[in-house]
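Structure at a glance
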Amino acid sequence: MTFQYWNKKMETLPRPELEAWQLEKLRETVKQALRAPFYRKRLTEAGIRGPEDFKTPGDLGRIPFTTKQDLREGFPYGFLAVPREEVVRLHASSGTTGTPTTIYFNAGDLKRWTGFVARCIYGTGCTRADVFQNMITYGLFTGGLGFHAGGEEVGMLVIPSGAGNTTRQFHLMRDFGTTVVHATPSFLLHVEAKMREEGVNREHLKLKRAFAGAEPYSEDTRRRIEDLLKIDVYNSYGLSEMNGPGVAFECQHKDGLHLWEDGYIAEIINPDTLEPVRDGERGELVLTVLCREADPILRYRTRDLTAFYTEPCPCGRTHRRLCRIKGRTDDMLIINGVNIFPSQIEEVIMAMGEVGNNYLIEIEKEGELDRLTVKTEVTPETFMDDTRPLNALKEKIRHTLQASITCNPRVELHESGSLPASEGKAVRVIDKRPRDG
Ligand code: DLL
């Protein structure tokens, strides 16, 4: 396979040079951060006077971690490190609880961010010949405008379709010969189910690839989308605090996400001890942005759980690869004392061919006990009035789940297309338990 690089020099920079680059950029970022009220206080309290305190990569450890709570407390301008007049764009986190967190960009920040997104897109094999339909939310969410700019930078024809309205999405795909789409994996699954429902002939479309991210999904879900839509799906990771998409992305080898280490410093820590984990071990990802002047964020605890690959990638890029992010430290469910990540449930059900494209996890209190219900759709081909095979399928799902999560769930089967569909990030877990009980 021949791999294509957007910026071959930077993407294949030998590790010692990459680390020297990071140290240099870290010094610049610390200097910049000291201009923001929050970091002026935080860094001074930690005894950091300026960039001269950073002589080796290990000196990064002198900087205290930044948390989501810190960002909330700094709202709205506590992290701003440039005059307000220099800021040309803001985005906000998609969080639905508490004070929002806002991220600011100056013109240079936007240019650098766009460069990283273009690098991701081009690295999957896209070229100017492609037609790119960006089926993700535009607005305060970074996914829409971030990919839009990256797609234009590559020179593709970008269709800013946004999320939702599946019928119109099909018309756009047909009319303009869309070859590449971007969406959350849950929306891609919804699009596929709708295609079958509306009788859209896949063979009349020119789709080749999809970028899927912004939420966790399993390898089986990826395979399912690839098989059903007959496309290549590339995993895309990012977060608003680190610009948005474009932090880590799969290359044509499709095994692990290259984290762009010339733009970000990544650490993986044990979330309990806050110590670095051993190489290849799973832990919480901590990121420092090296490519933003308006809003530098240092050692940010992402709460995302992942590990580094220990082997280099056959594509020749020197930037380390992250394992698929399966969950967050804060999405773990405790059900009757058993710790369960929603991704464990997805892994089991999406591996079953009879299961449809959508599912929901519900937890309730029944007396003193927690009750877990897994609701899954069946494929459109399944007859809902034929109870014998349905009962057998229900039992199979229950049994396999029990073996995997050591907790006995109730299983409900639903007709294809009957569970609430999501256009953006899917809400998969409904926890109905009283908050303090
Ligand atoms: O979701 C940015 C983005 C847009 C990424 C488009 C990819 C594509 P936030 O709304 O701030 O930003 O949410 C960030 O989403 O900390 C992860 O928990 C989760 N997440 C993002 N990508 C993935 C992925 C955007 N590929 C939060 N796999 C992150 C698993 C992901 N989780």
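Computed from a predicted model, the values in this text were never measured in an experiment. (Residues numbered from 1 in each chain as written. Predicted model: local features only at pLDDT ≥ 70, side-chain atom pairs only at ≥ 80, totals over all residues. Heavy atoms only, no water.)

1. Considering the overall build of the chain
Defined as follows: Helix numbers and strand numbers start at the N terminus; a helix is a DSSP run of H or I with at least 4 residues, a strand a run of E with at least 2. Put simply, the radius of gyration uses C-alpha atoms, and a globule should come to 2.2 Å times the residue count raised to 0.38. Only protein chains enter the accessibility calculation, which uses a 1.4 Å probe. A residue is then buried if its area is under 20% of the maximum for its type, exposed if over 50%, and partly exposed in between. A contact between two residues is defined here by any heavy atoms of the two lying within 4.5 Å. All accessibility values rest on the Shrake-Rupley procedure with a 1.4 Å probe; residue burial counts only the protein chains present in the view.
Helices and strands together make up the secondary structure of the chain, namely 11 helices and 20 strands. In terms of overall size, the chain behaves like a compact globule, its C-alpha atoms giving a radius of gyration of 22 Å where 437 residues would be expected to give roughly 22 Å. Judged by the C-alpha coordinates and their principal axes, the chain covers about 75 × 55 × 40 Å. Going through the 437 residues of the chain one by one, you find that 54% of them count as buried. Partitioning the intrachain contacts of the chain with sequence separation of at least 6 by distance along the chain shows that 67% fall at a separation of at least 24. Taken as a whole, the chain presents about 19,300 Å² of accessible surface, with 51% of it coming from carbon and sulfur.

2. Quick notes on helix α9 (residues 219–229)
Along α9, the positions that sit buried rather than exposed are Thr221, Arg222, Arg224, Ile225, Glu226 and Leu229. Buried residues along α9 sit in contact with α8 (185–197), β7 (232–239), β8 (244–250), α10 (342–350) and β17 (355–366). Positive phi shows up at lysine 230, right after α9, with a value of about 55°.

3. Some points on the packing of aromatic side chains
Rules: Working definition: rings of Phe, Tyr and Trp (its six-membered ring) pair if their centres are within 6.5 Å, and the pair is stacked with planes under 30 degrees apart, edge-to-face with planes over 60 apart, and tilted otherwise.
Evaluated as defined, the whole model comprises 12 aromatic pairs. A ring pair is formed by phenylalanine 132 and phenylalanine 211, whose centres lie 5.8 Å apart and whose planes are at 55°; its orientation type is tilted. With a gap of 79 residues between them, phenylalanine 132 in strand β3 (residues 131–134) and phenylalanine 211 in strand β6 (residues 209–213) connect regions that are remote in the sequence. Each member of the pair, phenylalanine 132 as well as phenylalanine 211, is classed as buried.

4. Let's talk about the nonpolar core
Just so we agree on the cut-off: Throughout this description, the term nonpolar core refers to a set of buried Ala, Val, Leu, Ile, Met, Phe, Trp, Tyr and Cys residues connected via side-chain atoms within 4.5 Å.
Residues Leu43, Ile63, Phe211, Tyr237, Met242 and Leu287 are the most contacted members of the largest nonpolar core, which totals 56 residues. For this core, the element with the highest residue contribution is helix α5 (residues 107–122), accounting for seven residues. Counting residues in each nonpolar core, the second largest holds 43 residues, with Ala212, Val355, Ile363 and Ile405 among its members.

5. Looking at helix α2 (residues 15–33)
As a reminder of what qualifies: Multiplying 1.5 Å by the helix residue count minus one yields the expected span of that helix.
In this model α2 runs 26 Å from its N-terminal to its C-terminal C-alpha over 19 residues, within 8% of the 27 Å that 1.5 Å per residue would give. Every buried residue of α2 is listed here: Leu18, Gln22, Leu23, Lys25, Leu26, Thr29, Val30, Gln32 and Ala33. In this structure, the buried residues of α2 make contact with α3 (37–45), β10 (264–269) and β11 (283–289).

6. Here we look at unusual backbone geometry
In most cases, non-glycine residues show a negative phi, while peptide bonds are predominantly trans. A cis amide bond links phenylalanine 75 with the next residue in sequence, proline 76, at an omega value of 0°. Inspection of the secondary structure puts proline 76 in the loop between α4 (68–73) and β1 (87–92). A positive phi is found at asparagine 165, a non-glycine position, where the angle reads about 45°. On the basis of relative accessibility, which here comes to 45%, the residue asparagine 165 falls in the partly exposed class.

7. Re empty space enclosed by the protein
This is how it is decided: The distinction between a cavity and a pocket rests on a 1 Å grid over the protein atoms alone: a 1.4 Å probe fits inside a cavity but cannot get out, while a pocket stays open yet meets protein on both sides within 12 Å along at least five of seven lines, and a residue with an atom within 4 Å of a point counts as lining. Grid points are joined across faces, edges and corners, and a volume is the space filled by probe spheres set on the points.
Applying the stated criterion across every chain, the model contains two cavities of 30 Å³ or more. If you trace the largest cavity, you find 13 residues lining it, with Leu71, Pro76, Phe79, Thr102 and Asp295 closest to the centre. Of all the elements, strand β2 (residues 102–106) adds the most residues to the lining of the largest cavity, at three residues. Around the second largest cavity, the lining residues are Arg119, Cys120, Gly123, Phe249, Glu250, Cys251, His258, Trp260 and Arg317. Those elements giving two or more residues to the lining of the second largest cavity turn out to be α5 and β8.

8. Overview of the sheet that holds strand β13 (residues 321–322)
Quick note on the threshold: When DSSP finds at least two bridges between two strands, those strands are taken to pair. Angles run from 0 to 180 degrees between N-to-C directions of axes, and those axes are lines fitted to C-alpha atoms, restricted for helices to the stretch in contact.
Read across the open sheet, the eight strands follow the order β4-β3-β5-β6-β7-β8-β9-β13; overall the sheet is mixed. The sheet is open, and its two borders are formed by β4 (157–159) and β13, each paired with just one other strand. Pairing of β7 with β8, which is carried by three bridges, proceeds in the antiparallel orientation. Paired with tyrosine 237 across the two strands is alanine 248, which belongs to β8. Here helix α7 (residues 166–176) sits on the sheet and contacts β3, β4 and β5 (180–183); the angle it forms with β3, its principal contact strand, is near 170°. Sitting on the sheet, α9 touches β7 and β8, and the angle it makes with β7 is about 135°.

9. Things to note about the domain arrangement of the chain
Stated formally: Segment limits for the domains were obtained from an automatic or database-derived domain assignment. Buried area, as used here, totals the accessible surface that two parts lose on assembly, with accessibility defined by a 1.4 Å probe and the loss added over both. Basic side-chain nitrogens of Lys or Arg form a salt bridge, by our definition, when they fall within 4 Å of a carboxyl oxygen of Asp or Glu. Pairs of N or O atoms within 3.5 Å make up the polar contacts considered here, provided that, within protein, one atom can donate a hydrogen while the other can accept it, and that residues adjacent in sequence are counted only when both atoms are side-chain atoms. Residues are grouped as follows: Ala, Val, Leu, Ile, Met, Phe, Trp, Tyr, Cys and Pro are nonpolar; Asp, Glu, Lys and Arg are charged; every other residue, Gly included, is polar.
Under the domain assignment used here, the chain contains domain 1 (1–329) and domain 2 (332–431). For domain 1 and domain 2, the distance between their C-alpha centres works out to 30 Å. Taken together, the contacts link 28 residues of domain 1 with 21 residues of domain 2. Both sides of the domain 1 and domain 2 interface together cover about 1,900 Å² of buried area, and 46% of this is carbon and sulfur. Of all residues in domain 1, the largest losses of buried area upon contact with domain 2 belong to Arg196, Arg224 and Lys326, amounting jointly to 28% of the total for that side. Applying the counting rule to domain 1 against domain 2 returns two salt bridges. Here glutamate 381 ties to arginine 196 by a salt bridge, and the two come within 3.3 Å at their closest N and O atoms. Here domain 1 is connected to domain 2 by 16 residue pairs in polar contact (both at pLDDT 80 or more). At the level of secondary structure, the elements contributing two or more residues to the side of domain 1 that touches domain 2 comprise α8, α9 and β14 (327–328). By residue number, the principal contributor to the side of domain 1 that touches domain 2 is α8, which donates seven residues. Split into classes, the residues belonging to the side of domain 1 that touches domain 2 amount to 10 nonpolar, 10 polar and eight charged.

10. Points about the pattern of salt bridges
Evaluation of the coordinates by the stated rule reveals 43 salt bridges. Salt-bridge contacts for glutamate 267 lead to arginine 299; the nearest nitrogen and oxygen are separated by 2.8 Å. Of the two residues, glutamate 267 sits in strand β10 while arginine 299 sits in the loop between β11 and β12 (300–306), which places them 32 residues apart along the sequence. For the pair glutamate 267 and arginine 299, a shared accessibility class is recorded, and that class is buried. Overlapping salt bridges, with partners in common, bring together Glu11, Arg119, Asp262 and Arg317 in one network.

11. Describing the sheet that holds β12
The strand order across the open sheet formed by four strands is β10-β11-β12-β14, and the pairing between neighbours is antiparallel. The sheet is open, and its two edges are formed by β10 and β14, each paired on a single side.

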